[in-house]
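The primary structure of each chain is shown beneath.
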Amino acid sequence: MSGSNSTVSKWSWGETHIDWKVIGPYTLPGYSHKNCAAAYQLDPTFGRIQTDTFVLLMGPIEAWKRGHSTRAYDYNIFWLPRCNQPGYVYGGKAEIGNREMIMRGPLPSHQLAAEFREDQAGLFSAVVAHEMGHMYGAYHASCINNNNRGSVAWCDTHVKNVSLACNTSGAVLTEYCAPQTIMGYTINRNQPLGHQMDGWAHRAYFVMSRITFGWADTLRYPVLVSKIDFDHATDRYMGCDPNCSFRLQRSDAASLDKNASVVIILQTTHSTSNGDRYFVFEHRLNNTYDIRSTTSMLLIHSTDLQRNIGRPPGVYGNKKQVQLYRNTKGAKDIMVRTYGPTFLTDCTPNTSSWDDSGCALGQSIELDTGHEDAPMKMRVHVHPALLESGKLLKVTLSQVVGRGQGLARR
Ligand SMILES: [Zn+2]
């Protein structure tokens, strides 16, 4: 927990600190390593129940019997012995925006990457950080392995315009893919060895999710978010016609400069049931798969953000409220807003790896923010040198208008 706490504290720019208490272990009636999977035999009369449901029901009762109230805490983790029954060989499980997570472990060494065999505490710090991400409201960080490798706005099943071109090129969705965030790659034995034991601590949640969690006050400091809106009425990017430049502070620094931009969100012409689709840009160190690197990169993914319609002001762009919890201490309410799923953009699409998906200094990439039959190309150029004593990354976006593409309305 201390490892998770120090990392989450840094990822939240010092806004979140976890106080915790460990109680137990207690025995759940009828629970054993042979009776730990999906269909749990509760009692001949009552029949079978989902084990997770059983744990979430009985865990608080077992704690209550010993004088502990789980309601006194914002989040609860129920830690169970490992379960080898099919579908239950996992380290952690949490639902989006929920207050409870289930952990199972320790795990047998053959299920672990070599670096975790000696240090399961490191492993479970990472598991907690991943599941906490879900409880804060984050979905998984995915990749679409097709020819476009995340550089076009329409290649997934969420968009309203079904894209045959993307699908026929053999799009394969990898749900846990993005190596730069703990919401992407999970800990398993297929993980590249470059992910050192504490490497997970360098894989912060994507910046816009951290803003969505309420860790940056974009109402008081609107400069934190650089937003490029698409105007459907004129089919133009207002404020970026024909080009625009931004300076991004690093999102993975321990503190936030409230007077500089930390994220660029570029609206596409798409929308889905989850909101309008954006490309999201952030500046971080390229240390995800090599924790010794101190080179800056521009990291891009796409996701959907709700429009700010008829909702109270809050996080810039994304207002989706899932659940409202009242802390029984009366200290605060937890308001969970969701972020994602996200789809990573690969700045080095000619390699099959996603480890090199960040855009290096001096690199450019062309994004397509339009529709399949009305492409709208936007060139993204990362300037070769950092500005202001190496603090800021300069990014220029230029609309590419060519024959049969660009600003024509479909
Ligand atoms: Zn997950």
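Residues numbered from 1 in each chain as written. Predicted model: local features only at pLDDT ≥ 70, side-chain atom pairs only at ≥ 80, totals over all residues.

Before going further, it helps to spend a moment on the sheet that holds strand β3 (residues 76-80). Taken in spatial order, the three strands make up an open sheet running β3-β5-β4, and their pairing is mixed. Looking at strand neighbours, the two that pair on one side only are β3 and β4 (92-94), the edges of this open sheet. Neighbour to neighbour, the strand axes of the sheet diverge by 20° on average, direction disregarded. Sitting on the sheet, helix α4 (residues 120-136) is in contact with β4 and β5 (100-104), with an inclination near 10° to β4. (Pairing = 2+ DSSP bridges. Helix = DSSP H or I, 4+ residues; strand = E, 2+ residues; numbered from the N terminus. Axes fitted to C-alpha atoms, helices over the stretch in contact; angles between N-to-C directions. Contact = placed C-beta atoms within 7 Å.)

Bringing helix α1 (residues 2-11) into the picture now. Among the residues of α1, those classed as buried are S4, T7, V8 and W11. For α1, the angular spread of buried residues about the axis comes to 100°, placing them on one side. Buried-residue contacts for α1 involve α4 and α6 (207-212). Trailing α1 by a residue or two, W13 shows a phi angle of about 55°, which is positive. (Buried ≥ 20, exposed ≤ 12 C-beta atoms within 10 Å, placed from the backbone. Arc of directions from axis to C-beta.)

In this section: the confidence of the model for the protein. Taken as a whole, the protein shows an average pLDDT of 81; of its residues, 79% reach a score of 70 or greater. Counting contacts from residues 309-327, a segment whose pLDDT is below 50, to residues more than four positions away or on other chains yields 46 contacts. Note that residues 403-410 has pLDDT below 50 and, in this model, 14 contacts with residues that lie over four places away or in other chains. (pLDDT = per-residue confidence, 0-100.)

Now for the nonpolar core. Counting 78 residues, the largest nonpolar core has M208, V263, L266, V280, F281, L298 and V395 as the members making the most contacts within it. Per-domain counts for this core show at least three residues from each of domain 1 (2-135) and domain 2 (145-400). (Core = buried A, V, L, I, M, F, W, Y, C linked by C-beta atoms within 7 Å. Domains from an automatic or database assignment.)

Most of strand β14 (residues 296-305) is tucked away, with 10 of its 10 residues classed as buried. With burial as the criterion, each face of β14 is covered, one bearing S296, L298, I300, S302 and D304 and the other bearing M297, L299, H301, T303 and L305. Taken together, the 10 bridges between strand β13 (residues 275-285) and β14 define a ladder with antiparallel strand orientation. Directly across from F281, in β14, lies its bridge partner I300. Bridge analysis of β14 against strand β18 (residues 359-360) gives two bridges, and the strand direction is antiparallel.

A word on the environment of V382. For V382, the location among the structural elements is in strand β20 (residues 377-382). Accessibility expressed as a C-beta count within 10 Å gives 23 for V382, which makes it buried. Sequence spacing of V382 and L361 is 21 residues, and the spatial spacing of their C-alpha atoms is 5.5 Å.

Our next topic: unusual backbone geometry. Geometrically, the link from G24 to P25 is a cis peptide bond, its omega value of 5° lying close to zero. Relative to the elements of secondary structure, P25 occurs in the loop between α1 and β1 (39-43). Cis geometry marks the peptide bond from G105 to P106; its omega dihedral reads 0°. Along the polypeptide, P106 turns up in the loop between β5 and α3 (114-117).

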